[in-house]
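Each chain, written out:
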Amino acid sequence: DRMGLLAYSGITTKVRAMESRLLKPEQFQELAEQEDVRSAADYLKAQPAYAEVFEGLDDTKLHRGYMEQILTQSEYRDFTRLYRFSGVKQRRFLDLYFKHYEVEVIKKLLRHVLGGREGQPDLSMFQDFFEKHSDLNLELLCRAKNFSEFTEALEGTVYGELLKQMQENGQPGLFDCELKLDLFYFRSLWKLRSKILSKEERKILDVCFGSRLDLLNIQWICRARNFYRLSPAEIYALLIPVHYRLRADKVRQLVEAEDEAKFYEVLKETPYGRQEELQTGRTPDIQLLSNQMLNRIYGKTGHRYPHSPAVLDSYLYRKELEMRKIITALEGIRYGLPAAEIMGLLAKQ
């Protein structure tokens, strides 16, 4: 598609350059071998992608929350770079993607509010970024001491409406809130994508979005059955009403399977059940399965369709995955785990 080629050749070159700075497996190995968080931070500072954000690192604050903020800063900077470099068409896609960051920040702050954590979270580091792209008032949200103040701070945004509805049914739990926010995000993504993407682009991106929705549904069915012991009716109410490659009858069988063995038997018959991990007969880790499938799908799509929004989507996915891996590695180092064990944890991301 010549139009796609013209619209995306510049940004594709930019993405490829940024991709070359993502950490390689051997760099993760070196990171895992650092003896403490301080030397791990120094190691990251020596990598081109992280030199800038680790520049003014405050040595007295190497705790998890601070490191997480520094790494998130790196993710936001990459998004900003891509945004600056994008034309109108690509920006429409990135604006839609941005809602994902909003949802993540709201979830993080909700954990603070509902988890009864002490002190006020400080997100001033992200103020500029959010002012450019978002209606959220981060300062007000950080000051909220309870759920109703938090909901008030979201007034006038789509999320305020969402949480207000939940509050009317009594004090909601964290799981419910996170679930509702994710549902909201993926629903709006699915609805809006047809407005901003051409038919061709939609077909390409649906491979990623659609698989993600299916896998979220599978994970939620699994969690709702095992952890929350919800009834089939309650589970159906939580699912995203989109079936990409997971047919409605399979969803029904997964929800109504009489036990775990039956659940995995049904899963094996779906397009997501062809993984060798499921064929071993042992009970697999559903989160791990899901991550492995997504990593595979995103890895392929961005490279197969470089002249489409998939190139942006798959880069931002990989960057976020890298953040999670670095945070996991830093926590492993903090707790003195051996490098081999840390690498084992990273393989599950």
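In this section: helix H2 (residues 25-32). Of all the positions in H2, only Gln27, Phe28, Leu31 and Ala32 are classed as buried. All buried residues of H2 lie within an arc of 140° about the axis, which places them on one face of the element. Elements in contact with the buried residues of H2: helix H3 (37-45), helix H17 (310-334) and helix H18 (339-347).

Once that is clear, we can look at the packing of helix H4 (residues 64-85) against H17. Viewed as axis vectors pointing N to C, H4 and H17 meet at an angle of 165°, and their least axial separation amounts to 10 Å. By the angle class used here, H4 and H17 are roughly antiparallel. For H4 against H17, the interelement crossing comes out right-handed. Two secondary-structure elements touch here, H4 through Arg64, Met67, Glu68, Leu71, Thr72, Ser74, Glu75, Asp78, Phe79 and Leu82 and H17 through Leu312, Tyr315, Leu316, Lys319, Glu320, Met323, Ile326, Ile327, Leu330, Glu331 and Arg334.

Our focus in this paragraph is the packing of aromatic side chains. Inspection of every chain in the model, using the stated rule, returns 22 aromatic pairs. Ring centres of tyrosine 185 and phenylalanine 186 lie 5.0 Å apart, and the angle between their planes is 70°; this geometry places the pair in the edge-to-face category. The burial state of tyrosine 185 is the same as that of phenylalanine 186; both residues are buried. Through a chain of ring-to-ring contacts, three or more aromatic side chains come together here, namely Tyr76, Phe79, Tyr83, Phe93, Tyr97, Phe98, Tyr101, Phe126, Phe129 and Phe130. Sitting over the ring of tryptophan 190, arginine 193 keeps its end group 3.7 Å from the ring centre. The residue whose ring lies beneath lysine 325 is phenylalanine 28, and the NZ or CZ to ring-centre distance is 5.6 Å.

This part is about the environment of threonine 328. Along the chain, threonine 328 falls in helix H17. In this structure, the C-alpha to C-alpha distance between threonine 328 and valine 207, residues 121 residues apart in sequence, is 28 Å. Excluding residues that lie within four positions of it along the chain, threonine 328 makes contacts with Leu345, Leu346 and Gln349.

What follows concerns unusual backbone geometry. Residue arginine 229 is not a glycine yet carries a positive backbone phi of 45°. Of note, arginine 229 is situated in the loop between helix H11 (199-226) and helix H12 (232-238).

Here H18 has its buried residues at Ala339, Ile342 and Leu346. Taken around the axis of H18, the buried residues stretch over an arc of 60°, which confines them to a single face. Opposite the packed face of H18, turned more than 90 degrees from it, sit the exposed residues Ala340 and Ala347.

Reading guide: rules and limits
- Residues numbered from 1 in each chain as written.
- Predicted model: local features only at pLDDT ≥ 70, side-chain atom pairs only at ≥ 80, totals over all residues.
- Heavy atoms only, no water.
- Buried < 20%, exposed > 50% of the residue type's maximum accessible area, 1.4 Å probe, protein only.
- Helix = DSSP H or I, 4+ residues; strand = E, 2+ residues; numbered from the N terminus.
- Arc of directions from axis to C-beta.
- Contact = heavy atoms within 4.5 Å.
- Axes fitted to C-alpha atoms, helices over the stretch in contact; angles between N-to-C directions.
- Parallel < 35°, antiparallel > 145°, perpendicular 65-115°, else oblique.
- Left-handed = near helix turned anticlockwise from the far one by under 90°.
- Phe/Tyr/Trp six-rings, centres within 6.5 Å; stacked < 30°, edge-to-face > 60°.
- Lys NZ or Arg CZ within 6 Å of the ring centre and 35° of its normal.

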